[in-house]
Structure formats: structure tokens, C-alpha cells
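Results of the structural survey
Each chain is listed here by its residues.
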Amino acid sequence: MSEIEVDGLRVVFDAPAGPVVAVDGVSERVESGSFVSLVGPSGCGKSTLLAAIAGLQAATEGGVAVGGVPVTGPDRGIGVVFQEDSTLPWRTVTDNVRFALQIAGVSRAEQRTRAREAIELVGLQGFERAYPSTLSGGMRQRVALARTLALRPGVVLMDEPFAALDQQTRIFLGAEVRDIWRRSNQTVLFVTHDISEAILLSQRIWVMSYRPGRIIDVVDVDLPDERDPAVVSTPRFNELHNRVWASLRDESMRGFRQREGAT
């Protein structure tokens, strides 16, 4: 079981002007094997919430459990894919994918097997010996995803992994991520600014308020499991988009006004 349970999570940072409450009173559950997206205005605490679930950020109050086990620090059962390009330029695709396995102390034979499987899973066959400088941004993100998948985590956390990519590439990679999730049965929590992307990928969407970050709406995405980009033209997709935007609109404006007032 790889369910995520967030219980009364509160994260407070010290700042020169006083304490900043980044996340406040979040209590939610991601069922084992499900795909949940998290959307919210810039600066609302999405990445902080994800970092707390990953064990990279300590909670001020409350806590997180994965598979019933409290999260107290980084765990190999929790994989993270970040927005930034995290490939190592001096390593080939295969050696980039093997890197986390080497750190984990996996045998060389097992490293090769898992790297090959992960590279095939993300569709990078034929590029095993290529270096990151010869790959597109989308391909480098696939390398990062393969490196995470090679560890075989039960939970995969993604922090806006496609934010720097063009829209066509985002749609293509999003479809691949969804396909990988359906085959692997991993539990996925995916952070994005893009409402359409969240609807296309997810079974459920959490909508987060501006700071302090709270979950203000939970939207079930009741679209067919077999979905492609053409679903964006359907009435139900538009209804879901409007529902999420209605929850998000006032919070986005509040965040904009606070940031403008601070400048």
C-alpha cells in the first residue's frame, strides 16, 4: 500500500518581517494507486506541501504518512521529479538513470536491468549512450523521470516537471506520464499551474488557496480512463475547468494584489 495521508499539516517559515505560514491545516488523502493533481496560485505553498510529503521539509505541526508509516525524512519509496533540469551533463542517459541506483547501493547487474527497463518505459530506446547536451528539454525530463522510476518507488511526486516546455511537448509527455502511471499502479501527486493539464492527467484535483496554503476544493475528474487531448473540446471538460477556475480565481487575484502591494 502506498497511500498518502496528510494530517493537519502546517509549515511555518521564519522571515525578516515575521513568521510566514506557507501551509496551514492541510488534511487530505491520496489513495494508493491514484493520480491527484495540485493546483493553486503562485506562492501558495504547493511546492512546500510536496516537499513535506517527500520528507524534504519538516512540518511545524501535524504530519504525513505514506503506507501508514510516518514520513520523517527522504525515503527511497518516495520518488521526486523536479521542475529544473536535473540531468548530469557528463553522464550518458543510461548512467544518469543508474545514478540514483548507485547511491542506493544496488548491484551493477541490477542497475543495468532497471535502467534498461526505465529507459524503455519512458520511450528513450536508442538514446542510451547520448549525453544531455544532445537531447531536447522534453527528452531530458524523460531521463529525470526514468531515473526516478528506476528506483521503483510506490509514490511519485512531480513538482511542475513540464513547466519549462512548450505546450505540444507538455501534452505529449503528460499522456506518456499517465500511460506509465496506469501500467505501474504507482501513487502520483502532480503539481501544476495548468488547469487543463491537471484535468487531462488526474483522477482528482486539489485546489489550494493563496498563502497560507489550504485545500479549498477537491474536484473529482469523472472523465473516461481512456482519454486523449480531444477531450478538451467536450462539455464535461469545460464544466470541470470552470469549476476549478471558479475556486482558483479569487485566490489568484488575492495573491496578485498582495505581491503588487509588496513591491
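Residues numbered from 1 in each chain as written. Predicted model: local features only at pLDDT ≥ 70, side-chain atom pairs only at ≥ 80, totals over all residues. Heavy atoms only, no water.

Our next topic: helix α3 (residues 108-121). Relative to the 20 Å expected for 14 residues at 1.5 Å per residue, α3 spans 20 Å between its end C-alpha atoms, a close match to the ideal helical length. Among all positions in α3, only Gln-111, Arg-114, Ala-115, Ala-118 and Ile-119 are buried. Looking down the long axis of α3, one finds its buried residues gathered within 135 degrees of arc, a one-sided arrangement. Each element contacted by the buried residues of α3 is listed here: α2 (93-103) and α4 (137-150). Note on α3: the residue one or two positions beyond its end, Gly-123, has a positive phi of about 75 degrees. (Helix = DSSP H or I, 4+ residues; strand = E, 2+ residues; numbered from the N terminus. Expected span 1.5 Å × (residues − 1). Buried < 20%, exposed > 50% of the residue type's maximum accessible area, 1.4 Å probe, protein only. Arc of directions from axis to C-beta. Contact = heavy atoms within 4.5 Å.)

Let us look at the sheet that holds strand β3 (residues 35-39). The mixed open sheet is built from 6 strands, whose spatial order is β6-β7-β8-β3-β9-β10. Each edge of the open sheet carries a strand with a single partner, namely β6 (78-81) and β10 (215-220). Between one strand axis and the next, the sheet turns through 15 degrees on average, direction left out of account. Pairing between strand β9 (residues 204-208) and β10: 5 bridges, direction antiparallel. (Pairing = 2+ DSSP bridges. Axes fitted to C-alpha atoms, helices over the stretch in contact; angles between N-to-C directions.)

Within this structure, the stated rule accounts for 3 aromatic pairs. Seen in terms of ring centroids, Phe-35 and Phe-190 are 6.0 Å apart; in terms of plane orientation they differ by 40 degrees. Their pairing is tilted. With Phe-35 in strand β3 and Phe-190 in strand β8 (residues 187-191), this pair connects stretches of sequence that are 155 residues apart. For Phe-35, a relative accessible area of 0% gives the class buried. Judged by relative accessible area, which is 0%, Phe-190 ranks as buried. Grouping aromatic residues by their ring pairs yields a cluster made of Phe-35, Phe-162, Trp-181 and Phe-190. (Phe/Tyr/Trp six-rings, centres within 6.5 Å; stacked < 30°, edge-to-face > 60°.)

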